[in-house]
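Each chain, letter by letter, is given below.
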Amino acid sequence: GNYGQNMSWFPLILKDSALIGKPGNDSMAFNLQPSGYFGLAVKQGEKWNNIPGQQFIFTKLNGENVFMASAWGNWVVAAKQYPKQTITETWKKRLGKYKVLNYNGSSMFSEGELAIGENTLFLAGKTPFSDQSMAMPFNIKSENLASVLGTSTYSGSMLQVKNKNGIETLYFMGLEMQKTD
């Protein structure tokens, strides 16, 4: 299924007895170990390299399916599974590139893109502080409101759509965004 983590989402797909995940531009494989836990391997070029000292397990926490990670004995929620959703025509019409109207140089991003991936609505953008990109998955609440899914500090933050001077405008974490294409 689809899992949300810190400022990104990724599908987990069973392939050749391993779970393959693709958060952002990275590829990861979770291989079932004799201990019953999953081990992590990261793809570098064409080669898979095992990462020692890491264990992962799927479990339920407060009624939700979660993917737990242990790095040298400390367990944390690495990602939460989120349900499949129906993306309405209203939201589909909003897909495309957006410019941040009130960008101040230290905002989360200056340009974003509202898109669909793995039947999930998400807002993607490049952070101004590095070459990293982010892709926040959203749970559609209504025709004008969606909330961030996953485990980040942004989980639950709202994306709201309002009309500003006759132009549909997205509001997210203090940013005002209007469609450019």
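Scoring rules and cut-offs
- All residue numbers here refer to positions counted from 1 along the written sequence of the relevant chain.
- Note on the predicted model: pLDDT of at least 70 is required for a residue's local features to be given, and 80 or more for side-chain atom pairs to be given and counted; whole-chain, interface and lining totals, by contrast, use all residues.
- Heavy atoms from the whole structure form the basis of all side-chain values; hydrogens and water molecules are not counted.
- Nonpolar cores are built from buried Ala, Val, Leu, Ile, Met, Phe, Trp, Tyr and Cys residues. Side-chain atoms within 4.5 Å join them into one set.
- Accessible area is worked out with a 1.4 Å probe on protein chains only. A residue is then buried under 20% of its type maximum, exposed over 50%, and partly exposed in between.
- Secondary structure elements follow DSSP: runs of H or I of four or more residues count as helices, runs of E of two or more count as strands, with numbering from the N terminus.
- Residue contacts are counted whenever heavy atoms from the two residues lie within 4.5 Å of one another.
- Here, strands pair whenever DSSP counts at least two bridges between them.
- The convention used is that axes are lines fitted to C-alpha atoms, helices contributing only their stretch in contact, and that angles between N-to-C directions extend from 0 to 180 degrees.
- Think of a salt bridge as a Lys or Arg side-chain nitrogen and an Asp or Glu carboxyl oxygen that are within 4 Å of each other.
- Throughout this description, a polar contact denotes any pair of N or O atoms lying within 3.5 Å of each other; where both atoms belong to protein, one of them has to be capable of donating a hydrogen while the other can accept it, and for residues adjacent in sequence the pair is counted only when both atoms sit in side chains.

K.L.:
How should the nonpolar core be read in this particular structure?
P.N.:
Across soluble globular proteins, nonpolar side chains show a tendency to be buried alongside one another. Ranked by internal contacts, the top residues of the largest apolar core, which has 21 residues, are Trp-91, Phe-109, Leu-114, Phe-138, Leu-159, Phe-172 and Met-177. A per-element tally of this core places strand S12 (residues 133-142) first, with four residues. Ignoring anything within four residues of it in the chain, the contact list for Leu-114 reads Trp-91, Arg-94, Leu-95, Gly-96, Tyr-98, Leu-121, Phe-122, Leu-123, Leu-159 and Leu-170. If you look at the next biggest cluster of nonpolar residues, it comprises nine residues, including Leu-19, Phe-38, Phe-67 and Ala-69.

K.L.:
Would you mind showing me how to read the sheet that holds strand S16 (residues 175-179) here?
P.N.:
Within a sheet, each strand pairs with its neighbour through backbone hydrogen bonds, oriented either parallel or antiparallel. The strand order around the closed barrel formed by eight strands is S9-S10-S11-S12-S13-S14-S15-S16, and the pairing between neighbours is antiparallel. Along the sheet, successive strands turn relative to each other by an average axial angle of 35 degrees, direction set aside. Of the strand pairs in this sheet, strand S9 (residues 96-100) and S16 are connected by three bridges, and their pairing is antiparallel. Among the inter-strand pairings, Tyr-98 is bridged to a residue of S16, identified as Lys-179.

K.L.:
Would you mind showing me how to read the pattern of salt bridges here?
P.N.:
Any two side chains of opposite charge can pair if their charged atoms end up close together. Following the criterion strictly, the structure yields four salt bridges and no others. Put simply, Arg-94 and Glu-168 hold a salt bridge, and the shortest N to O gap is 3.0 Å. Of the two residues, Arg-94 is situated in the loop between helix H1 (89-93) and S9 and Glu-168 in strand S15 (residues 167-172); the sequence distance between them amounts to 74 residues. In this structure Glu-168 comes out as partly exposed when scored by relative accessible area, which is 40%. Residues Glu-113 and Lys-97 are paired through a salt bridge, measuring 3.7 Å at the closest nitrogen-oxygen approach. With Glu-113 in strand S10 (residues 111-117) and Lys-97 in strand S9, the pair connects residues that are 16 residues apart, well separated along the chain. Overall, the relative accessible area of 34% leaves Glu-113 in the partly exposed class.

K.L.:
Would you explain the side chain of Thr-169 in this entry?
P.N.:
Tracing the chain through its elements places Thr-169 in strand S15. A polar side-chain atom of Thr-169 sits 3.1 Å from the main-chain carbonyl oxygen of Ile-167. A distance of 3.0 Å separates polar atoms of two side chains, one belonging to Thr-169 and the other to Gln-178. Once you skip the residues sitting within four places of it in the chain, Thr-169 turns out to touch Gln-160, Val-161, Lys-162, Lys-164, Glu-176, Met-177 and Gln-178.

Limitation: the analysis is restricted to geometry and does not speak to function.
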